[in-house]
Amino acid sequence: MSAYLREELILFAKAFWQGAFLLLVYDLFRILRRAVPHGRALAALEDISYWIFCAFYLLGYFYRENSGELRGYLFAGILLGALACYFSLSRIVVACGARLLQACGKILGIPLKKIKKGTKRLKFRMFRFKIYWYKKFHVGKESGLSRRQNKDRKHEKRKKQKQPENSPGQAE
């Protein structure tokens, strides 16, 4: 076997492993999707980011290993590596990884529930303080009256309501 052919076979084997590696990276996204359900938009964003990563990663690989020359057998090696990984390891890795991530989420979820409850209480108290603050300092501001003038006006209204009206038989 010539040295040139040996180099080409080594490149093919490396491309095979690169394809398997890229599929395992995609499996990380699949694990995340199974453990934490999310919508189509986020899944599409993950896919786009994955393909951009693949493009730059393979560009670097081709440049490093083959001086930037694109060869068909390298693409075939990447495809065969990805397919071999998909039909052998991928399903097991995704299933186990999703279960592991869900279990970690449940364990971490216990303190997160307490944090959520505390922040909910804090928001409620802040909202109540806001109402108190508004009632104390902003009542009457719309009419341009000061706080003291507004209190005096309310006091006068109460006095008028408490005073009995004169009946028609009484002289003034």
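In what follows, the accompanying structure is described. (Residues numbered from 1 in each chain as written. Predicted model: local features only at pLDDT ≥ 70, side-chain atom pairs only at ≥ 80, totals over all residues. Heavy atoms only, no water.)

The next point concerns the pattern of salt bridges. A complete count under the given rule lists 6 salt bridges for this structure. K14 is the salt-bridge partner of E65, the closest N and O atoms lying 3.1 Å from each other. Taken together, the residues span a long stretch of sequence, with E65 in helix α2 (residues 40-66) and K14 in helix α1 (residues 3-35) at a distance of 51 residues. Given the relative accessible area of 29%, E65 is considered partly exposed. Its salt-bridge partner being R30, residue D27 comes within 2.9 Å of it at the nearest N-O pair. Remark: R30 and D27 occur in helix α1; sequence separation between them is 3 residues, near one turn of the helix. According to the relative accessible area criterion, D27 is buried, its value standing at 0%. Connected through shared salt-bridge partners, E8, E69 and R71 make up one network. (Salt bridge = Lys/Arg side-chain N within 4 Å of Asp/Glu carboxyl O. Helix = DSSP H or I, 4+ residues; strand = E, 2+ residues; numbered from the N terminus. Buried < 20%, exposed > 50% of the residue type's maximum accessible area, 1.4 Å probe, protein only.)

Taking 1.5 Å of rise per residue, the 27 residues of α2 would be expected to cover 39 Å, and the 38 Å separating its terminal C-alpha atoms lies within 8% of that figure. Taken together, the buried positions of α2 are A43, E46, Y50, C54, L58, Y61, F62 and N66. (Expected span 1.5 Å × (residues − 1).)

The next point concerns a positive patch on the surface. Residues K151, R153, K154, K157, R158 and K162 make up a contiguous surface patch of positive charge. If you trace the backbone, R153 turns up in helix α4 (residues 147-162). (Patch = residues over 30% accessible without salt bridge, like charges linked within 9 Å, V, L, I, M, F, W, Y side chains within 5 Å. Areas by Shrake-Rupley, 256 points an atom, 1.4 Å probe, with all protein chains shown as cover. Lys, Arg positive; Asp, Glu negative; His and termini not counted. Charge placed at Lys NZ, Arg CZ, Asp CG, Glu CD.)

The subject of this paragraph is the packing of aromatic side chains. Tallied over the full model, the rule gives 10 aromatic pairs. A centroid spacing of 6.2 Å and a plane angle of 80° characterise the contact between F29 and Y50, whose relative ring orientation is edge-to-face. Linking F29 in helix α1 with Y50 in helix α2, this pair joins segments that are 21 residues apart in sequence. Overall, Y50 belongs to the buried group, its relative accessible area being 6%. (Phe/Tyr/Trp six-rings, centres within 6.5 Å; stacked < 30°, edge-to-face > 60°.)

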